[in-house]
Amino acid sequence: YGGPGCQRHTSYSDTVATRNSSTGPQEAGRRIVVLAEALVARLLFHGSQASGVEFLRRGRSHEAFARRAVVLAAGAIGTPKILMLSGIGDPLQLQRLGIPVQVANREVGQNLADHVAQWLEGFAH
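To keep things clear, this report deals only with the structure shown in the data block.

Thresholds applied
Residues numbered from 1 in each chain as written. Predicted model: local features only at pLDDT ≥ 70, side-chain atom pairs only at ≥ 80, totals over all residues. Heavy atoms only, no water. Helix = DSSP H or I, 4+ residues; strand = E, 2+ residues; numbered from the N terminus. Buried < 20%, exposed > 50% of the residue type's maximum accessible area, 1.4 Å probe, protein only. Contact = heavy atoms within 4.5 Å. Areas by Shrake-Rupley, 256 points an atom, 1.4 Å probe, with all protein chains shown as cover. Salt bridge = Lys/Arg side-chain N within 4 Å of Asp/Glu carboxyl O. Pairing = 2+ DSSP bridges. Axes fitted to C-alpha atoms, helices over the stretch in contact; angles between N-to-C directions.

### Considerations on the overall build of the protein
Counting secondary structure elements, the protein contains four helices and seven strands. Considering the protein as a whole, with its 125 residues, one finds that 27% of them fall into the buried category. Sequence separation of 24 or more characterises 31% of the internal contacts of the protein that already satisfy a separation of 6 or more. Here the protein has roughly 9,200 Å² of accessible surface; of this, 54% comes from carbon and sulfur atoms.

See the structure below:
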């Protein structure tokens, strides 16, 4: 926290969790590594199931795959952005942007609101 009225905000889209890729799957066990300065670009799919993420770190593209589940928690704005970049959203919008449709869902990206407005409203009175 940065003092009264200030809130430190960390978005999951700034980090990515993955198993230690320098060891084999048996050796990695349940360990995870959190990478700083990594930006999630899109979800990766195996069929219709999300199986990992593509992320950018230090100017290079990388992929990380999940054993069980992919959890996307990038905030009120970041989550729908990543979903849409991954092909989940309104088919008309995705097609206009040249993004292949994975899952048609017109609700993704609609009625976006972040908590910033609540803070601004409190300072205005």
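Back to the write-up after that little detour.
### Concerning the side chain of D90
By the secondary structure assignment, D90 is in the loop between β6 (88-89) and α3 (91-96). Look at D90 and you get buried, because its relative accessible area is 11%.

### Regarding helix α2 (residues 75-85)
For the α-helix, the turn length of 3.6 residues means that residues three or four positions removed from each other point alike. Within α2, the full set of buried residues consists of G78, T79, P80, I82, L83 and M84. Tucked into the core, α2 has its buried residues touching β3 (38-46), β6 and α3. Phi for G87, located one or two positions after α2, is positive at around 95 degrees.

### Re the pattern of salt bridges
Inspection of the entire model under this criterion finds two salt bridges. Between D90 and R106 there is a salt bridge, with the nearest N and O atoms lying 3.0 Å from each other. Taken together, the positions of D90 in the loop between β6 and α3 and R106 in the loop between β7 (103-104) and α4 (116-124) put the pair 16 residues apart, joining distant regions of the chain.

### A few points about the sheet that holds β3
The sheet built from three strands is open, its strands ordered β3-β4-β5 with antiparallel pairing. Whereas interior strands pair on both sides, the edge strands pair on one side only; in this sheet they are β3 and β5 (60-65). Across this sheet, the average inter-strand angle for adjacent strands is 30 degrees, counted without regard to direction.

### A few points about unusual backbone geometry
The backbone phi angle of E37 is positive, close to 60 degrees, even though this residue is not glycine. Position of E37 among the secondary structure elements: in the loop between β2 (33-35) and β3. In this structure E37 comes out as exposed when scored by relative accessible area, which is 61%. Non-glycine residue R58 carries a positive phi angle of around 55 degrees. For R58, the location among the structural elements is in the loop between β4 (49-57) and β5. Relative accessible area serves as the criterion here: at 64%, R58 is assigned to the exposed category.

### Things to note about the environment of L39
Looking at the element boundaries, L39 is found in strand β3. By relative accessible area, L39 is classed as partly exposed at 44%. C-alpha separation for the pair L39 and F55, spaced 16 residues apart in sequence, amounts to 5.3 Å.

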